[in-house]
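Breakdown of the fold
Single-letter residue listing:
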Amino acid sequence: MAAAVAALGVAGCQKADEKAPIAVNGPRGRYVGVGIYGAGQMWSQLVRPAETAADPASARLDDDEQIIVLLDTATGELRQCGNLSGHCIGLNPWAQPLAKGLGTPARLLKHARDLAMEAAKPPG
C-alpha cells in the first residue's frame, strides 16, 4: 500500500513534455472537474488584461459568483476560471503561463492586508 502511494506521488512530478502522459485520457475525456467554489473577495482584486475590459457589457471579475476548477490530465495543468467573466488562472510548473499576467503568482489590484486595513478604518 505504501509503495502504491509513493508511486502515485512521484507520478505527479512527471514533466508534461515527457512521453508518458500524467494520466491516460479515459472515457470521460481529457479534462476533469476538480470543483466549483464561491468567488472570494480576492478574486475581484485580480488584475485582468486591458483588452478584455474594453466592452462595458462584458462580465467583470466582480460579477463572477463561482470559480470552476479543472485539471488537464494530459499536461497536469490546473485552471481556475470565473463562471461569468471567463477569466482563468493556470498553474503548471513545467510550462509557460497561460498569457502575460494569467499565471501564478497572480497580480492583484489590492492585497488582502490592504482590504482588511480599509475595512478597519472608521468611517469619515
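Below is a summary of the structure that appears in this document. Starting from 1, residues in each chain are numbered consecutively following that chain's sequence as written. Predicted model: local features are reported for residues with pLDDT of at least 70 only, side-chain atom pairs are reported and counted for 80 or more only, and whole-chain, interface and lining totals are derived from all residues. Side-chain measures were taken over the full set of non-hydrogen atoms in the model, leaving aside hydrogen atoms and water.

Bringing the pattern of salt bridges into the picture now. For this document, the term salt bridge refers to a Lys or Arg side-chain nitrogen within 4 Å of an Asp or Glu carboxyl oxygen. Under the counting rule described, the total for this entry stands at 4 salt bridges. When the shortest N-O distance is used, the salt bridge between Arg60 and Asp62 registers 3.5 Å. When accessible area is computed with a 1.4 Å probe and restricted to protein chains, residues below 20% of their type maximum are described as buried, those above 50% as exposed, and intermediate ones as partly exposed. Owing to a relative accessible area of 49%, Asp62 belongs among the partly exposed residues under this scheme.

Glancing now at the environment of Thr75. Within the secondary structure layout, Thr75 lies in the loop between β2 (66-72) and β3 (78-82). Using a relative accessible area of 22% as the deciding quantity, one classes Thr75 as partly exposed. For the pair Thr75 and Asn92, spaced 17 residues apart in the sequence, the C-alpha separation amounts to 7.9 Å. Side chain to side chain, Thr75 and Asp72 meet in a polar contact 3.3 Å long. In protein, a polar contact means a hydrogen-donor-capable atom and an acceptor-capable atom, both N or O and within 3.5 Å, with residues adjacent in sequence counting only if both atoms are side-chain atoms; elsewhere, any N or O pair within 3.5 Å suffices. Side-chain polar atoms of Thr75 contact the backbone nitrogen of Glu77, separated by 3.2 Å. Every helix listed is a DSSP run of H or I at least four residues long, and every strand listed is a run of E at least two residues long, numbered separately from the N terminus.

Pairs of cysteine sulfur atoms within 2.5 Å are what we label disulfides. Counted by the stated rule, this structure contains 1 disulfide. With a sulfur-sulfur separation of 2.0 Å, Cys81 is cross-linked through a disulfide to Cys88. The disulfide joining Cys81 to Cys88 has a torsion of about 110 degrees about its S-S bond and is therefore right-handed. No difference in accessibility class separates Cys81 from Cys88, as the two residues are buried.

Once that is clear, we can look at the sheet that holds β2. By this definition, two strands are paired if DSSP reports at least two bridges between them. Reading across from one edge, β1-β2-β3-β4 is the order of the 4 strands in this open sheet, with antiparallel pairing throughout. Of all strands in the sheet, those with a lone pairing partner are β1 (31-38) and β4 (88-91), marking the two edges. Ignoring strand direction, the axes of neighbouring strands in this sheet form an average angle of 20 degrees. Relative to β3, β2 is paired through 5 bridges, and the arrangement is antiparallel. In the strand pairing of β3, Ile68 is matched with Cys81. To get an axis, fit a line to the C-alpha atoms, keeping to the stretch in contact for a helix; angles then go from 0 to 180 degrees between the N-to-C directions.

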